[in-house]
Amino acid sequence: MHSGSITRAYWRYTLPAVMALMVSGMYQVVDGIFIGHAIGEPGLAGITMAWPAVSVLLAVGIMLGVGAGAQCSIAQGRGDEPRAAVMLGQGGWLLGLLGVPVGALILWGGDAFLALQGATGRVAELAGDYLAVMAWGAPLVVASLALPFWVRNLGAPRLATLAMVVGALANIAFDYAFILWLGWGLKGAALATLLAESLTALICLGFLVSRQAPIRLSLQPLRLSACRAVLGTGVSSMLMYLYLGVVVVLHNMLLMKYGGPVQVAAYAIAGYLLAFYYMMAEGVANGMQPLISYFHGARQASYIKRVFRLGLYTAIGLGAGMVAALMVWPERIAGIFISDDARLLAATTLGVRLHLFALFLDGFIVLAACFFQSMGLGRQAVLITLGNIVIQVPFLALLPLLMELNGVWLALPLSNLVLASVVLAMVMRRWRRLEASG
């Protein structure tokens, strides 16, 4: 395979993945627009306080999607199709074994979790409504995240994209019906998400059990060693989502302390914008992952370097463009979510400028973790993700003491500057090993 065909293969996998996750990120933005205009500040604050609990479900889904998908691709690259089928089957087992208890935990501990963050009154009521619905649909949430990964890794990236686009568009339609038309608040927002995710899961499942799939999803005996391989490979992606949840919890607590619900609502809007870029970066990572896993299994180091380089150009370029837009037009962008609330608009404008000026570094960190993960180097990927969690804590502990509200907003970008320099050294070390291996 020559350089041109590598580039075509990269875009064949990456463009659908980026488009799918951009649509996914866009419908989250649309969620925020509907909530901001229909419910206002309490709705935005409520969904922000509920989201960290839901992120646990997303984390499990991503872990199983990436873990089983990467192990399946590595086995295919080695020509071991029976092992690839085993890995896919263990992923199917884990969907139920992990999804049900996590949903039960959210249902049982949701109120205490919201109280921990300082949610009271209308904000706590709306957030509780959202969590209750999502907890009952927990296995569906997990499956809707994992199955598109498997479809993409089995050589059908366009179908995976189609499934996610169908779900995203359905979510927008259901949001309009349940939030704006029927007035069901955050309960309606959660129901819209579950119904949309069921469409995504059904489309992917139909492919995975059909004869069109090169490796069919079938009932396999439960094998603990294979489950450990799936979980070990995917755990860094899970930790990345858990990290996002932990960071949101800490920000919610500090923003309530230094500013109140209006600052939490402003953080919700900044979070939607961050999530939109994060989805784009995840799309790039998801697109390059099957290729890097395959080339690693085939021992083709030069192709791994080519794919990763293309991924960096794409993700960092998109991030730089988004940062430029946010710095130049923060009021206009924030105003998309806000209806006649000058106090919330001012808080959001400040938050966007302080919180998102180094947004592109999140893309680099996501791609670096995927780079290691795709080659089965779960330890390095986990170290990057854990570092992302650990380094946030001292910044969130110290900066608010020195700068109060501004310190809360600046904790994320400043910590990412420090972490990115460490991650760069790790990537360069692995890069030199790839060059030495040819």
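Here goes a summary of the coordinates provided. This one's a predicted model, so the numbers in the text were calculated from it and none came from an experiment.

An α-helix turns once per 3.6 residues; consequently, residues spaced three or four apart project the same way. When the terminal C-alpha atoms of helix H15 (residues 405–437) are compared, their 50 Å separation across 33 residues agrees well with the 48 Å that a helix rising 1.5 Å per residue should span. Residue alanine 411 marks the point of greatest curvature in H15, where the axis turns by about 45 degrees; the proline proline 413 follows within four residues.

Applying the stated criterion to the full structure yields 2 salt bridges. Note that arginine 122 is salt-bridged to glutamate 125, the shortest N-O span being 3.5 Å. Of this pair, arginine 122 and glutamate 125 both sit in helix H4 (residues 121–136), 3 residues apart, roughly one helical turn. A relative accessible area of 45% places glutamate 125 in the partly exposed class.

Glancing now at the environment of valine 209. Checked against the element boundaries, valine 209 lands in the loop between helix H7 (185–208) and helix H8 (224–258). Classification of valine 209 by relative accessible area gives partly exposed; the value is 39%. The spatial distance from the C-alpha of valine 209 to the C-alpha of leucine 419 is 42 Å, given a sequence separation of 210 residues. With residues up to four places along the chain from it excluded, the contact list for valine 209 reads Arg216 and Leu217.

Our focus in this paragraph is the packing of helix H2 (residues 41–77) against helix H5 (residues 138–153). Between H2 and H5, the least distance of the axes is 8 Å, while the angle of their chain directions is 25 degrees. The angle between the axes of H2 and H5 places the two elements in the roughly parallel class. For the element pair H2 and H5, the recorded crossing hand is right-handed. In the contact of H2 with H5, the residues fall into 15 nonpolar, 6 polar and no charged.

Unoccupied space between atoms shows up once a probe the size of one water molecule is rolled over them. For the structure shown, the criterion picks out 3 cavities of 30 Å³ or more. The calculated volume of the largest cavity comes to roughly 920 Å³. Surrounding the largest cavity, 42 residues form its lining, Gln28, Trp51, Leu58, Ala275 and Met279 being those nearest its centre. Taken together, the elements giving at least two residues each to the lining of the largest cavity come down to helix H1 (3–38), H2, H4, H5, helix H6 (157–181), H7, H8 and helix H9 (261–297). Per-element tally for the lining of the largest cavity: the top contributor is H9, with 10 residues. Partitioned by chemical class, the residues of the lining of the largest cavity number 28 nonpolar, 10 polar and 4 charged. Of the pockets and cavities examined, the second largest cavity occupies roughly 130 Å³. In terms of lining, the second largest cavity is formed by 15 residues, of which the most central are Ser237, Glu282, Val366, Cys370 and Gln373. At the level of secondary structure, the elements contributing two or more residues to the lining of the second largest cavity comprise H8, H9 and helix H13 (360–374).

Together, Tyr176, Leu180, Trp181, Leu182, Trp184, Leu191 and Leu195 make up an exposed nonpolar region whose accessible area comes to about 710 Å². For the nonpolar patch, the secondary structure elements donating two or more residues are H6 and H7. With 3 residues, H6 is the largest single contributor of residues to the nonpolar patch. Position of leucine 180 among the secondary structure elements: in helix H6.

The rules behind the values
Residues numbered from 1 in each chain as written. Predicted model: local features only at pLDDT ≥ 70, side-chain atom pairs only at ≥ 80, totals over all residues. Heavy atoms only, no water. Helix = DSSP H or I, 4+ residues; strand = E, 2+ residues; numbered from the N terminus. Expected span 1.5 Å × (residues − 1). Bend = angle between axes of the 7 residues up to and from the residue. Salt bridge = Lys/Arg side-chain N within 4 Å of Asp/Glu carboxyl O. Buried < 20%, exposed > 50% of the residue type's maximum accessible area, 1.4 Å probe, protein only. Contact = heavy atoms within 4.5 Å. Axes fitted to C-alpha atoms, helices over the stretch in contact; angles between N-to-C directions. Parallel < 35°, antiparallel > 145°, perpendicular 65-115°, else oblique. Left-handed = near helix turned anticlockwise from the far one by under 90°. Nonpolar A, V, L, I, M, F, W, Y, C, P; charged D, E, K, R; others polar. 1 Å grid on protein atoms, 1.4 Å probe; cavity = no way out; pocket = protein on both sides within 12 Å on 5 of 7 lines; lining within 4 Å. Points joined across faces, edges and corners; volume = space filled by probe spheres on them. Patch = residues over 30% accessible without salt bridge, like charges linked within 9 Å, V, L, I, M, F, W, Y side chains within 5 Å. Areas by Shrake-Rupley, 256 points an atom, 1.4 Å probe, with all protein chains shown as cover.

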